[in-house]
Amino acid sequence: MADAYAQFRKARDLLLSSRTDYARAVADYSAPRPPAFNWGLDWFDRVAADATTGARVALKLVEADGSSHAVTYAEMSARSSQVASWLSSLGAVKGDRLLLMMGNQVELWETLLGCIKLGVVVIPATTLLTPADLDDRITRGGVRHVVTSSVDASKFDDVHGAYTRIAVGEPVPGWTAYDESLRAATEFTPPESAGGDDTLLLYFTSGTTAQPKLVEHTHLSYPVGHLSTMYWIGLQPGDVHLNISSPGWAKHAWSSFFAPWNAEATILVVNQPRFDAAALLATMAHESVTTFCAPPTVYRMLIQQDLAPWRSRLSIREMVGAGEPLNPEVIEQVQNGLGVVIRDGFGQTETTAQVGNTPGQEVVPGSMGRPLPGYDVVLLDPATGEEQLGDGAEGELCLRLAGAHGRPVGLMVGYHGDDEKTDESMRDTAYHTGDVASRDARGYITYVGRADDVFKASDYRISPFELESVLIEHPAVAEAAIVPSPDPTRLAVPKAYVVLAPGYSPNAETAESILAYAREHLAAYKRVRRIEFAELPKTISGKIRRVELRGREETAHGAGAGADASNRVSKTEFWESDFPGLKN
C-alpha cells in the first residue's frame, strides 16, 4: 500500500491533470483517506524537501507601504517545525486546544502549520472578537493555549482561565514572547503521532439565528477535503494565488492555506487598512497574480474602477467568488473589463467546496456550478425528505453520506459538544446544508436561499437572493436584504431593507425609483412592495441577520401590532401604495 504522501499526491495529480475535464475528474477521483495522515509532516515537509519546490515562495505578504516579506517552502517547513518544538517545550501536547488570533502576518501560518505537526487542535479566531466572545470561546472550546498579537493581548485581561498566553510582537507583561521560539530546535519529531481522524480544527460558526456552533474538522477533512477547493479554483503548481479574506474564518483556511499549498502554489497576501481597489489591482499586476478569490463585496468595489486598462497588465487566469452568491451583473462587468469570467462556488464552514463552476466549463448565468469531485449532491424535499429529480427540481441541498464514494471526506465530524444539532444535520443518511437550490437538466445548481429565509407571498415561493440580485443593479442600491413583511391580504409581501450608495438620499424620490425598477424587472408575484432605508444588522463575519429583520417586521406589522400594523415604522419606510403613479 502506498504511503500517505503517495496516496495524497496521486489523488491531487489526477485533479491537476483533469483541470478542464470535469467529467473525468468527477468519475475518476476518489478522496485518499490515509489513516494516520498528517498534512504538515506527510505533505508540506515532503514538498518542501524537494529542491525545486523548496526554493519556491510559499507565502508573500505585501504591506500598504509597498514593503513585502517572502518565505520559501523550505523556510516555512523549518520554521513551523521550530514553532512545534517550542510549543511542545511549553507543555502543549496532542489534543490540546489552542486559540489562534492574529491578522495576516507570517506568524499565523507558522503557528497553524506547527500545530498541525504537533497535533494541537486549533481554534481560529478573528481579531474582531470582543472579550465576551473570547470568554465564550475559551470556555466552550476548552482552550489551553492562546497565541495572539501583542496589540490584542489586552482583550484577554478579563478572560479568565488556566491557559498559556503567547504574544506575537512587542513584549507584554505576563505573556510569553513568541520570539523565544527562534531559539528552539528546527528538527521536529512529534512526541505522539497525530493525523487521520484526530481533531485538527474547531471553528465557531457565525450564527445568523442562534449562538455560534462549534464545527469539528480532522486531519483528513480539511487538508484532504480541500483538494476539491483546489480543483474549483483551478490552481496549478507555481501559481501566485491571492485570496481576499480575514484570518479566523473558514474561507481563510480554504483559500489562504490548504488549497494553494495542496497545489504547491504561492500564497499572496495584500494587507490594506482600508480596501483600495486601484492599489490592489496595481499589486496584482506587479506580483503577477494568476489566480484570485474574493467575496462578492470585493468584486462590486472592483467594478467601480475602469478595468479595461488593466486587462493587458494583469496575469490573471482564474477568478472565483465565494461567501455569498455572485450577481450576474457583476460577473458580466468583470468579464467585459478583464476578459475573465468569475466562477462562482459554494461551500460551508462545515465542508470544503461542494459545488462550483470549474475551469474550462460553461458558466451558466446565475448558477453556482455542478457538484465537485468527492461530493454526491442531492436535492431533498425539506418536509418529506424525498429526492427531487428532473429539470427545474428544487429542494434543500444535501450531501449523501452513503454514496458511491462513501461519506464525503471534506465533511465535518459534527458540531462538537452538541449531539442533537449533529444528528439533526446528518439525518436520513444525508448531511443537510440548510440551503435551498434548484437544478437544471444538465446538473447545474442555482442557489435559491437559506431554508429559513425563503418565504411565501400570496402562496408563491420567494427567494430573497433573486430579488436582491435585481435591486443591487439599481445605481442607488449598495446593499439589500429582502424579508417577508406581514400583510392581511397576501399573508406577507416582500420588503427590501436597503443601504444606499454614496450620493443618494433616503427619501420618497429614491424609494419610488427603486420600487419602479423592481416592478419593471421582476414578475408581478415577486414585486418588492415595501422598502426601508436602514443599516443592515450583521454577524461578526458580515452575514446579514435576516432573522432580526423578520422579527422587526413581525413586531411592526404583524398581528400583535393591532391598529398600528399599517403605520410606517420610520420616516425612511415607504410602501408601494405611497406612489399611485407606479401603477401607470
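Residues numbered from 1 in each chain as written. Predicted model: local features only at pLDDT ≥ 70, side-chain atom pairs only at ≥ 80, totals over all residues. Heavy atoms only, no water.

Just checking my understanding: could you explain the pairing of strand β6 (residues 164–168) for this structure?
Regular strands show a simple pattern: their side chains alternate between the two faces of the sheet. Note: strand β5 (residues 143–149) against β6, five bridges, orientation parallel. What sits directly across from H145, in β6, is T164. Note that β6 and strand β7 (residues 176–177) share two bridges and pair parallel. Bridge assignment links A167 to a residue of β7, and that residue is A177. (Pairing = 2+ DSSP bridges. Helix = DSSP H or I, 4+ residues; strand = E, 2+ residues; numbered from the N terminus.)

Please explain a negative patch on the surface as it appears in this structure.
The grouping of D419, E420, D423 and E424 at the surface amounts to a negative patch. Looking at the element boundaries, D419 is found in helix α13 (residues 419–425). Among the residues examined, D419 registers a relative accessible area of 58% and is labelled exposed. (Patch = residues over 30% accessible without salt bridge, like charges linked within 9 Å, V, L, I, M, F, W, Y side chains within 5 Å. Areas by Shrake-Rupley, 256 points an atom, 1.4 Å probe, with all protein chains shown as cover. Salt bridge = Lys/Arg side-chain N within 4 Å of Asp/Glu carboxyl O. Lys, Arg positive; Asp, Glu negative; His and termini not counted. Charge placed at Lys NZ, Arg CZ, Asp CG, Glu CD. Buried < 20%, exposed > 50% of the residue type's maximum accessible area, 1.4 Å probe, protein only.)

I keep staring at the sheet that holds strand β25 (residues 491–500) and nothing clicks. Help me out?
Strands in a sheet are paired, the pairing made by backbone hydrogen bonds, and the direction either parallel or antiparallel. Judged by pairing direction, the sheet is mixed, and its four strands sit side by side in the order β24-β25-β26-β27 without closing on themselves. Unpaired on one side and paired on the other, β24 (477–487) and β27 (573–575) mark the two borders of the sheet. When the angles between neighbouring strand axes are averaged without regard to direction, this sheet yields 20 degrees. In this fold helix α14 (residues 464–471) packs onto β24 and β25, with an angle of close to 135 degrees to the strand it touches most, β24. The sheet strands contacting helix α16 (residues 546–557) are β24, β25, β26 (530–533) and β27, and the helix crosses β24 at an angle near 45 degrees. (Axes fitted to C-alpha atoms, helices over the stretch in contact; angles between N-to-C directions. Contact = heavy atoms within 4.5 Å.)

How do you make sense of the packing of aromatic side chains when you look at a structure like this?
Aromatic ring pairs are described here by two measures, namely the spacing of the ring centres and the angle between the planes. Evaluation of the coordinates by the stated rule reveals 21 aromatic pairs. Here W39 and F44 contribute two aromatic rings whose centre-to-centre distance is 6.2 Å and whose plane-to-plane angle is 50 degrees, an arrangement assigned as tilted. The pair W39 / F44 is uniform in exposure class, with both members buried. Ring centres 5.0 Å apart and planes at 70 degrees place the aromatic pair W39 and F258 in the edge-to-face group. With W39 in helix α3 (residues 39–49) and F258 in helix α9 (residues 250–262), this residue pair connects regions lying 219 residues apart in the sequence. When its relative accessible area of 0% is taken as the criterion, W39 is described as buried. Here F258 falls in the buried class, since its relative accessible area comes to 0%. An aromatic cluster of three or more residues is present, and its members are W39, F44, Y73, Y203, Y222, F257, F258 and W261. (Phe/Tyr/Trp six-rings, centres within 6.5 Å; stacked < 30°, edge-to-face > 60°.)

Help me out: how do you make sense of the sheet that holds strand β16 (residues 370–371) in this one?
Sheet architecture is open: nine strands sit in the order β2-β1-β11-β10-β12-β13-β14-β15-β16, paired in mixed fashion. The open sheet has two edge strands with one neighbour each: β2 (68–72) and β16. Pairing between strand β13 (residues 318–321) and strand β14 (residues 342–347): three bridges, direction parallel. Bridging from a neighbouring strand, M319 pairs with I342 of β14.

Would you mind showing me how to read the packing of α3 against α9 here?
Helix packing for two helices is described by the angle between their axes and how far apart those axes are. One way to put it is that α3 packs onto α9 with a least axis distance of 11 Å and a crossing angle of 55 degrees. In terms of their interaxial angle, α3 and α9 are classed as oblique. In this structure, α3 crosses over α9, and the sense of that crossing is left-handed. Along the contact surface, α3 presents W39, W43 and F44, while α9 presents F257, F258, W261 and N262. Taken together, the residues of the contact of α3 with α9 sort by class into six nonpolar, one polar and no charged. (Parallel < 35°, antiparallel > 145°, perpendicular 65-115°, else oblique. Left-handed = near helix turned anticlockwise from the far one by under 90°. Nonpolar A, V, L, I, M, F, W, Y, C, P; charged D, E, K, R; others polar.)

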